[in-house]
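As a plain string of letters, each chain reads:
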Amino acid sequence: MQSMMFNPIHAWSLLDDLWTGRVFPENFIGGEQEARLFSLRQRRLVSDRTRTEARQMFIFAENVILPPSLDISALIGTTLYNDGAITWGNEDQRKLLSFTEPSRLNLVEERATALAPLVDDPNISVEDIIRVLRFWNSSHRFENDATRRLQGKNGFILLQLLQDDLAKGVEEENEIWRKLPPHEKAVLREVFADDPGLEAQNLKEKIRLTRDVYFFATAMSRLSEIGVPTFAAPRKSRTRKAPVGPSTPEEMSRHLVGLYFDNVSMSVQN
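Definitions and cut-offs
- Residues numbered from 1 in each chain as written.
- Predicted model: local features only at pLDDT ≥ 70, side-chain atom pairs only at ≥ 80, totals over all residues.
- Heavy atoms only, no water.
- Helix = DSSP H or I, 4+ residues; strand = E, 2+ residues; numbered from the N terminus.
- Buried < 20%, exposed > 50% of the residue type's maximum accessible area, 1.4 Å probe, protein only.
- Contact = heavy atoms within 4.5 Å.
- Areas by Shrake-Rupley, 256 points an atom, 1.4 Å probe, with all protein chains shown as cover.
- Expected span 1.5 Å × (residues − 1).
- Salt bridge = Lys/Arg side-chain N within 4 Å of Asp/Glu carboxyl O.
- Axes fitted to C-alpha atoms, helices over the stretch in contact; angles between N-to-C directions.
- Parallel < 35°, antiparallel > 145°, perpendicular 65-115°, else oblique.
- Nonpolar A, V, L, I, M, F, W, Y, C, P; charged D, E, K, R; others polar.
- Core = buried A, V, L, I, M, F, W, Y, C linked by side-chain atoms within 4.5 Å.
- Pairing = 2+ DSSP bridges.

Peer 1: Any chance you could explain the overall build of the protein here in plain terms?
Peer 2: A tally of regular secondary structure across the protein gives twelve helices and four strands. Across the 270 residues of the protein, 41% fall into the buried class. By sequence separation, contacts in the protein at least 24 residues apart represent 71% of the contacts at least 6 residues apart. Total accessible area on the protein stands at roughly 15,800 Å², and carbon and sulfur atoms take up 49% of it.

Peer 1: Would you explain helix H11 (residues 204-224) in this entry?
Peer 2: Since the α-helix advances by 3.6 residues per turn, residues separated by three or four positions end up pointing in the same direction. With 21 residues, H11 extends 30 Å between its outermost C-alpha atoms, agreeing within 8% with the 30 Å of an ideal straight helix rising 1.5 Å per residue. The complete set of buried residues in H11 reads Ile207, Leu209, Thr210, Val213, Tyr214, Phe215, Phe216, Ala217, Thr218, Ala219 and Leu223.

Peer 1: Would you mind showing me how to read unusual backbone geometry here?
Peer 2: Negative phi values dominate among residues other than glycine, just as trans dominates among peptide bonds. Within the chain, Arg22 stands out as a residue other than glycine whose phi angle is a positive 65°. Mapped onto the secondary structure, Arg22 falls in the loop between helix H1 (8-20) and helix H2 (31-42).

Peer 1: Got a minute to help me understand the pattern of salt bridges in this structure?
Peer 2: When the charged atoms of two side chains lie near each other, side chains of opposite charge can form a pair. Evaluation of the coordinates by the stated rule reveals 14 salt bridges. Taking the shortest distance from any N to any O, the salt bridge between Arg49 and Glu53 comes out at 2.7 Å. Of this pair, Arg49 and Glu53 both sit in helix H3 (residues 48-60), four residues apart, which is roughly one turn of that helix. Here Asp145 makes a salt bridge to Arg149, at a shortest N to O gap of 3.1 Å. Of this pair, Asp145 and Arg149 both sit in helix H7 (residues 126-149), four residues apart, roughly one helical turn. Using a relative accessible area of 26% as the deciding quantity, one classes Arg149 as partly exposed. One salt-bridge network, held together by shared partners, links Asp145, Arg148, Arg149, Glu190 and Asp194.

Peer 1: I'm lost on H1 in this one. Help?
Peer 2: End to end, H1 covers 18 Å across 13 residues, agreeing with the expected 18 Å (1.5 Å per residue, within 8%). Taken across its 13 residues, H1 has twelve buried, putting it largely inside the fold. Two residues or fewer past H1, Arg22 is found with a positive phi of approximately 65°.

Peer 1: Looking at this structure, I do not really get the environment of Pro117. What am I missing?
Peer 2: When you line up the elements, Pro117 lands in the loop between helix H6 (111-115) and H7. Sequence separation between Pro117 and Val213 is 96 residues, and the spatial gap between their C-alpha atoms is 9.4 Å.

Peer 1: For this particular structure, what's the right way to read the packing of H1 against H2?
Peer 2: The geometry of a pair of packed helices is captured by two quantities: the angle between their axes and the separation between those axes. For the pair H1 and H2, the least separation of the axes is 11 Å and the interaxial angle reads 105°. Judged by the angle between their axes, H1 and H2 are roughly perpendicular. For the pair formed by H1 and H2, the contact residues are Ile9, Trp12, Asp16, Trp19 and Thr20 on the first element and Gln33, Glu34, Arg36, Leu37, Leu40 and Arg41 on the second. Considered class by class, the residues forming the contact of H1 with H2 number five nonpolar, two polar and four charged.

Peer 1: Sorry if this is basic, but what is going on with the nonpolar core here?
Peer 2: Core analysis: the largest hydrophobic core is formed by 31 residues, its most contacted members being Phe6, Phe24 and Ile86. Those elements that provide at least two residues to this core are strand E1 (3-6), H1, H2 and H3. Take this core: its biggest share by element is seven residues, from H1. Every residue in contact with Phe6, bar those within four places of it in the chain, is listed here: Ala11, Leu14, Ala54, Met57, Phe58, Val64, Ile65, Pro67, Phe216 and Phe231. Listed in part, the 20 residues of the second largest apolar core include Leu107, Ala116, Val126 and Ile207.

Peer 1: Can you help me understand the pairing of E1 in this one?
Peer 2: Along a regular strand, successive side chains alternate from one face of the sheet to the other. The alternating pattern of E1 places Ser3 and Met5 on one face and Met4 and Phe6 on the opposite face, and all of these are buried. Of the pairings in the sheet, the one linking E1 to strand E2 (residues 63-65) comprises three bridges and is parallel in character. By the bridge assignment for E2, Met4 is matched with Val64. With two bridges joining them, E1 and strand E4 (residues 230-231) adopt parallel strand pairing. Paired with Met5 across the strands is Thr230, a residue of E4.

Shown next as structure tokens:
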């Protein structure tokens, strides 16, 4: 089988399986990454089932591509990385993964229904993702409008330098602000009145989770265009039925083998 990208849950499950199996060194994961993995284990998102699924697909795939959100530098230098078995993709694939923020001005809110099952936190709803998409849309509109009204890049950079102080109402304490002429201060205050950035604090965790899954879905779409499949098992959405899949270990084994071979004939001998 060719390269295959793993969704975040199965990517974490594979790394956890290899780490606990001592394929990777003891200090492979630590700090925030270890805390993240522990949280996934506690919530049963990384489990014996997901580790088994990930291990089976790891055997079938020639090369596992980790999603962009799994930046584990300790992987570099391991035998599996040096052999190309686990990477962040080859040069051409990495070009498709090199993006940082949703760039469209008007993100379609209907995408929330497709994104929600890919979020690894079951407490994040479709409505939460819609709020994030609306926040991104309003942020994009604000940035475009601010750049236009401030007459170019330098003016917008000036706004960014003063944004936190303007939000807190302590701009008079800022040395840059004190040097500005009154008419520029008036324009900056007027532009800042439309800044949706204050909502970011209320949506902080939802933005992080939505950004991760938005990146993953975008990467999945881009890779599929060049024939690279993705291994994922979306959680049940509140707005639509989850896809019917194998329910027993035996059915899962047959399903996974079926993904690898075009025609499979299996017999059971007593």
